[in-house]
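Residues per chain, in single letters:
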Amino acid sequence: MTLNIEQIRKDFPILERETKLGTRVVYLDSTATSQKPLAVIEAMNAFYRCSNANIHRGVHTLAEEATAMYEGARERIAKFINAASPRQVIYTRNTTESINLVAYSWARANLKAGDLVILTEMEHHSNLVPWHMLQAERGIELEFIPVTEDGLLDLDMYRTLLTRGPKLVSFTHMSNVLGTINPAAEIIRLAHEAGAVTLVDAAQSVPHLPVDVQALDADFLAFSAHKMCGPTGIGALYGKAELLEAMPPFLGGGDMIREVKLRSFRPNSLPHKFEAGTPAIAEAVGFGVAVGYLSQLGMDAVAAHEREITEYALERLEEIPGVKVFGPSADRKGGVAAFTLAGVHPHDVAQILDQDGIAIRAGHHCAQPLHEKFNISATSRASFYIYSTTDEVDLLVNGIYKVKEMFG
Ligand code: 7TS
């Protein structure tokens, strides 16, 4: 099945927004956050208009309705990633909080000084800094799977690192800069053979590819709603039940307890043990509708559309003299094209494109070590999603030619 992009674009009101020039906005920054379909916007609106109440505590109709909507969304999200049970899906604020939850709860209970954690050189800061913090606190050791010149993980080096008996392998499923789709199932299989637990940063994969946590055999997997048509302020952590059950709570407070005495408490069962305080209820409802929207399109079709756009974009970008696109060929990457333009700072590229209503991002994209690896401080980055078109790629390319003219 192929996507009907024209129809899809009608679902996203923001794509109708006019620029200063009276043209339609060209949104090429979905890697930072995706736009939201009307169905999600309206579901959240309807929640506040008709069903708003706090969850898990009221016996009144509104509270029951809100609770059912919040838990119903969890069921849909669990199904979307093929989790065996919704108990294994914990709501968090975003991917960052999901990774921090593992670092605070699982890692502080299971890692001691000298224990090895393997990361990669292409991680987002959110899968680096929590481990730096634990290193400072606990004296754990960190090693990194190197990135090759063409933007792939060096799996031979990974195999070598595994002989050192790591306790955890935590890696991004898809790079937010190179677009590289890493062979997650293989990385996990090898980690398990070496006796390590695995954490997948799926911030960029769950929105763009079919992801099946059971097929991957992932121990933990983190993602954010806002990158997959859902609202900001909510994300998820998937975990294997036996790991989650053995873990101490993360934040303490209401809802995460079964019983509290003045001097003690007993934690609640999964998933509530990890959801202290009033959660993002309307956002959970929006998250559930977002996964429903993507399911309806079909994630295979989503991935195929992005592959097509990316192939076209790489072809067009690479024909511009002075443009260098980072990362592997289109068959090994998702819808991300980070590039440099010789003699022009990436921020200038983004700023000049913005004058024509073309939204791309410039900077290190929260992956400073990766940029350092390629001896650059920043890139310009165009990224694509279900509503992106080849016409928009053409506008981007024309815009870059204009930048070249301005800079002589
Ligand atoms: N991991 C990856 C691979 C990401 O791309 C991002 C966000 C995160 C983690 C963190 O997600 P959050 O929802 O917790 O913020 N990436 C980007 C980006 O590329 N531009 O803006 C945010």
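Our structure's up above, just so we're on the same page.
Right, let's walk through the structure included here.

1. Describing the site of the ligand
For step 1, the next point in the chain: Lining the immediate surroundings of the ligand are 18 residues, of which Thr96, Asp201, Ser224, Arg361 and Arg381 lie closest.
For step 2, the next point in the chain: His124 is positioned such that a nitrogen or oxygen atom in its side chain is 3.4 Å from a nitrogen atom of the ligand.
For step 3, the next point in the chain: The fraction of the free accessible surface of the ligand (490 Å²) that becomes covered by protein chains is 90%.
For step 4, the next point in the chain: Considered class by class, the residues forming the shell around the ligand number 3 nonpolar, 11 polar and 4 charged.

2. Here's the deal with the pattern of salt bridges
Pairing between side chains of opposite charge can happen when the charged atoms of each approach one another.
For step 1, the next point in the chain: Tallied over the entire structure, the rule returns 23 salt bridges.
For step 2, the next point in the chain: Notably, a salt bridge pairs Arg108 with Glu137, separated by 2.7 Å at the nearest N-O pair. Of the two residues, Arg108 sits in helix α4 (residues 95-110) while Glu137 sits in helix α5 (residues 129-138), which places them 29 residues apart along the sequence.
For step 3, the next point in the chain: Notably, a salt bridge pairs Lys373 with Glu121, separated by 2.9 Å at the nearest N-O pair. Here the residue Lys373 occupies a position in helix α13 (residues 368-373), and Glu121 occupies one in the loop between β3 (116-120) and α5, the gap between them amounting to 252 residues.
For step 4, the next point in the chain: Classification of Glu121 as partly exposed rests on a relative accessible area of 23%.

3. So, empty space enclosed by the protein
Remark: the empty space left among the atoms is shown by a probe the size of a water molecule rolled over them.
For step 1, the next point in the chain: Per the counting criterion, the structure on display carries 1 cavity of 30 Å³ or more.
For step 2, the next point in the chain: Lining the largest cavity are Val177, Leu178, Phe326, Leu370, His371, Phe374, Ile376 and Thr379.
For step 3, the next point in the chain: Classifying every residue of the lining of the largest cavity by side-chain character gives 6 nonpolar, 2 polar and no charged.

4. Re a negative patch on the surface
For step 1, the next point in the chain: On the surface, a cluster of negative charge is contributed by Glu308, Glu311, Glu315 and Asp331.
For step 2, the next point in the chain: Considering the arrangement of structural elements, one finds Glu311 in helix α11 (residues 299-318).
For step 3, the next point in the chain: With a relative accessible area of 42%, Glu311 lands in the partly exposed category.

Calculation notes
- Residues numbered from 1 in each chain as written.
- Predicted model: local features only at pLDDT ≥ 70, side-chain atom pairs only at ≥ 80, totals over all residues.
- Heavy atoms only, no water.
- Near = heavy atom within 4 Å.
- Polar contact = N/O pair within 3.5 Å; in protein donor to acceptor, adjacent residues only side chain to side chain.
- Areas by Shrake-Rupley, 256 points an atom, 1.4 Å probe, with all protein chains shown as cover.
- Nonpolar A, V, L, I, M, F, W, Y, C, P; charged D, E, K, R; others polar.
- Salt bridge = Lys/Arg side-chain N within 4 Å of Asp/Glu carboxyl O.
- Helix = DSSP H or I, 4+ residues; strand = E, 2+ residues; numbered from the N terminus.
- Buried < 20%, exposed > 50% of the residue type's maximum accessible area, 1.4 Å probe, protein only.
- 1 Å grid on protein atoms, 1.4 Å probe; cavity = no way out; pocket = protein on both sides within 12 Å on 5 of 7 lines; lining within 4 Å.
- Points joined across faces, edges and corners; volume = space filled by probe spheres on them.
- Patch = residues over 30% accessible without salt bridge, like charges linked within 9 Å, V, L, I, M, F, W, Y side chains within 5 Å.
- Lys, Arg positive; Asp, Glu negative; His and termini not counted.
- Charge placed at Lys NZ, Arg CZ, Asp CG, Glu CD.

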